[in-house]
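A structural walkthrough
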Amino acid sequence: MSRFMSRRFDGLEAYVPGEQPQDMQYVKLNTNESPFPPSPAVFAALNDSETARLNLYPDPEGRVLRQKLAALYGVDMENVFLANGSDELLNFFFMAFCDQERPVAFPSVSYGFYPVYASLYNLPRAEIPLHEGFRLEPADYCGIRKNIVIANPNAPTGRTVSVAEIEEIVRTNPDHAVLIDEAYIDFGGESCVGLVSKYENLLVGQTFSKFRSLAGGRLGYAIGSRTLIEDLDKIKYSTNSYNINRLTMAAAAAAIDSNDYYVQNSRIIQENRAYTAAGLEELGFETLPSKANFIFTRCPQVEGGRLYRSLKAKGVLVRRWDKPEISDYCRVTIGNREQMDIFLEKVREILKEG
Ligand code: PMP
C-alpha cells in the first residue's frame, strides 16, 4: 500500500482470483468456466453491425435484455437488475444494504469474495460455521436480524439448501436483505426465484459465466422485489451507469434465445460430474455431493497442496485454498469428457508415484 492510499483500506486483503495462465495450455479445471463455447446464435449476434455501433453508449437500462430475462423467469422487467458479473452484484449488495447497524452474515466456508466486500466496507460480520460435512444449518440463519448472503449451491463445496429452508430464512428476517447467490443453480439445483414475488427482502443472484458459457462477457443479474432493485439501481447510477457493455448485452440476449443449447450442455456436465466422482471414488477419494459444475474432493493418501502441485506439474489446473478446514480438498471444475479423462489419468499417475 502506498502512502497515497486511504488509511481506511489498511486492513483490506484483496480477493485473489483463480489463475488465468497465459504461459501454457493447461487442462483448465480451476475457475468453473463452461468447457463449451457460446451458442451459434451468440456468435451471430456479435456481428459487424453490432461492432459498428460501439461508438454509441449502450442502453443504461438494458431494457431488451431485462425483458428477456423477465420473460424467462416469469417476473416483470422491474424485478431484474443487471451487473458486470455477479461479483459486481455482490459489491452493490454490500454497498447498498449493509452498514454498522445492519451487519452481514454468511457461511464461514463459502465464496471468498464475501469477506473481502465486508472488509472493503468495514462491516461488522458474522461468519457462521458450517456443520459436519460442510452442511449449512438453516436454523443458524433464522431470525438473526442481519443481512444474509448464501451461495446455493455453496462454493467451493457444491452442497445445496432446499427452497423450503431458504424460505424459512427469508421469512424470519423480514427487515433485512437476503441474497441467495445462485451462480451454480443450473447444474441440477432448485432455484428460489419463485419466492421473489412473496418476499420484499429477497434477492436472487445469477450469472452468465457458468451455465451460459459467457464468463469472458462479464454479466450477472439479480431477480428481486422492486424495492430492492430500485435500491441497487441507485447505487449503480452512482457508480457506473453504463455497467454492461453493448457486445455483452447482445451476446446475452442471443444466449437466452438459445436456452435449449445450454440445458443440453448442462446435462452433459452433470453426467461428467457423476463420471468423475465415480472415477475418484474407485481411487479412494472422498467427494462431497455436488449440484454445481465442480466437485470438492480429497484424497486420504495425498495431501491437498501436493495433489494440487502435482496436477499442475502434469498440466492440469484445479483450485485449492490454504484455509485450515479445507486445505486438504481440491475443487475440480467439471469439463468435457476428454478433460475429465485426462484429469483422472493424471490422478492415477500421482497415486502410483506415491
Ligand atoms: N458467486 C459465486 C458463488 C461464485 O463462485 C462466483 C464465481 N467465481 C461468482 C459469484 C462470480 O461470478 P461472476 O462475477 O463471473 O458472475
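That block above? That's the structure.
For the structure given in this document, a descriptive report is provided here. All figures in this text were calculated on a predicted structure; none of them were measured in a lab.

With respect to the environment of Ile128
Relative to the helices and strands, Ile128 resides in strand 4 (residues 125-128). With relative accessibility at 11%, the residue Ile128 sits in the buried group. For Ile128 and Ala105, which are 23 residues apart along the polypeptide, the C-alpha to C-alpha distance reads 6.9 Å. In this structure, Ile128 is in contact with Ala105, Phe106, Pro107, Ser108, Asp140, Tyr141 and Ile144, ignoring residues within four places of it in sequence.

Details of the site of the ligand
As a matter of local geometry, the ligand sits amid Gly85, Ser86, Asp87, Tyr111, Ala155, Asp181, Ala183, Tyr184, Thr207, Ser209, Lys210 and Arg218. Measuring from an oxygen atom of the ligand, one finds a side-chain N or O atom of Ser86 at 2.6 Å. With respect to the ligand, the side chain of Arg218 contributes an N or O atom lying 2.8 Å from an oxygen atom. Protein contact buries 92% of the 400 Å² of open area that the ligand shows by itself. Its residues assigned to classes, the shell around the ligand shows four nonpolar, four polar and four charged.

Looking at the pairing of strand 3 (residues 104-107)
With four bridges joining them, strand 3 and strand 4 adopt parallel strand pairing. Within strand 4, the residue paired with Ala105 across the bridge is Ala126. Note on the crossover from strand 3 through helix 5 (residues 113-120) to strand 4: the handedness is right-handed. The pairing of strand 3 with strand 5 (residues 147-151) spans two bridges and is classified as parallel.

A closer look at unusual backbone geometry
Along the chain, Asn152 connects to Pro153 via a cis peptide bond; the corresponding omega equals -5°. Tracing the backbone through its elements, the reader meets Pro153 in the loop between strand 5 and helix 6 (163-171). The peptide bond linking Ala155 to Pro156 adopts the cis configuration, its omega dihedral lying at 5°. Relative to the helices and strands, Pro156 is located in the loop between strand 5 and helix 6. Positive phi values are uncommon outside glycine, yet Asn32 reaches one of about 55°. With respect to the helices and strands, Asn32 occurs in the loop between strand 1 (27-28) and helix 1 (40-45). Exposure remark for Asn32: the relative accessible area of 0% places this residue in the buried category. With phi around 60°, Phe134 is a residue other than glycine that occupies positive phi space.

A closer look at the packing of aromatic side chains
The relative placement of two aromatic rings is captured by the distance of their centres and the angle of their planes. One pass over the full model with this rule turns up 20 aromatic pairs. Measuring from ring centre to ring centre gives 5.6 Å for Phe208 and Tyr221, while their planes differ by 70°; the resulting arrangement is edge-to-face. You can see Phe208 sitting in the loop between strand 7 (202-207) and strand 8 (220-224) and its partner Tyr221 sitting in strand 8, a full 13 residues away along the chain. By relative accessible area, Phe208 is classed as buried at 0%. Residue classification places Tyr221 among the buried residues on the basis of a relative accessible area of 0%. One aromatic cluster in this structure is built from Tyr15, Phe93, Phe94, Phe97, Phe106, Tyr111, Phe113, Tyr114 and Tyr117.

Let's talk about helix 3 (residues 63-73)
Among the residues making up helix 3, those that are buried are Leu65, Arg66, Leu69 and Ala70. Around the axis of helix 3, the buried residues are gathered within 135° of arc, so they sit on the same side. Residues Val64 and Ala71 are exposed on helix 3 and point more than 90 degrees away from its buried face. Once helix 3 finishes, Gly74 follows within two positions and takes phi at roughly 65°, a positive value.

Regarding the side chain of Ser209
Of note, Ser209 is situated in the loop between strand 7 and strand 8. Given a relative accessible area of 6%, Ser209 falls into the buried group. Within the local environment of Ser209, its side chain forms a polar contact with the side chain of Arg218, the two groups lying 3.4 Å apart.

Reading guide: rules and limits
- Residues numbered from 1 in each chain as written.
- Predicted model: local features only at pLDDT ≥ 70, side-chain atom pairs only at ≥ 80, totals over all residues.
- Heavy atoms only, no water.
- Helix = DSSP H or I, 4+ residues; strand = E, 2+ residues; numbered from the N terminus.
- Buried < 20%, exposed > 50% of the residue type's maximum accessible area, 1.4 Å probe, protein only.
- Contact = heavy atoms within 4.5 Å.
- Near = heavy atom within 4 Å.
- Polar contact = N/O pair within 3.5 Å; in protein donor to acceptor, adjacent residues only side chain to side chain.
- Areas by Shrake-Rupley, 256 points an atom, 1.4 Å probe, with all protein chains shown as cover.
- Nonpolar A, V, L, I, M, F, W, Y, C, P; charged D, E, K, R; others polar.
- Pairing = 2+ DSSP bridges.
- Right-handed = clockwise from strand over helix to strand, strands pointing away.
- Phe/Tyr/Trp six-rings, centres within 6.5 Å; stacked < 30°, edge-to-face > 60°.
- Arc of directions from axis to C-beta.

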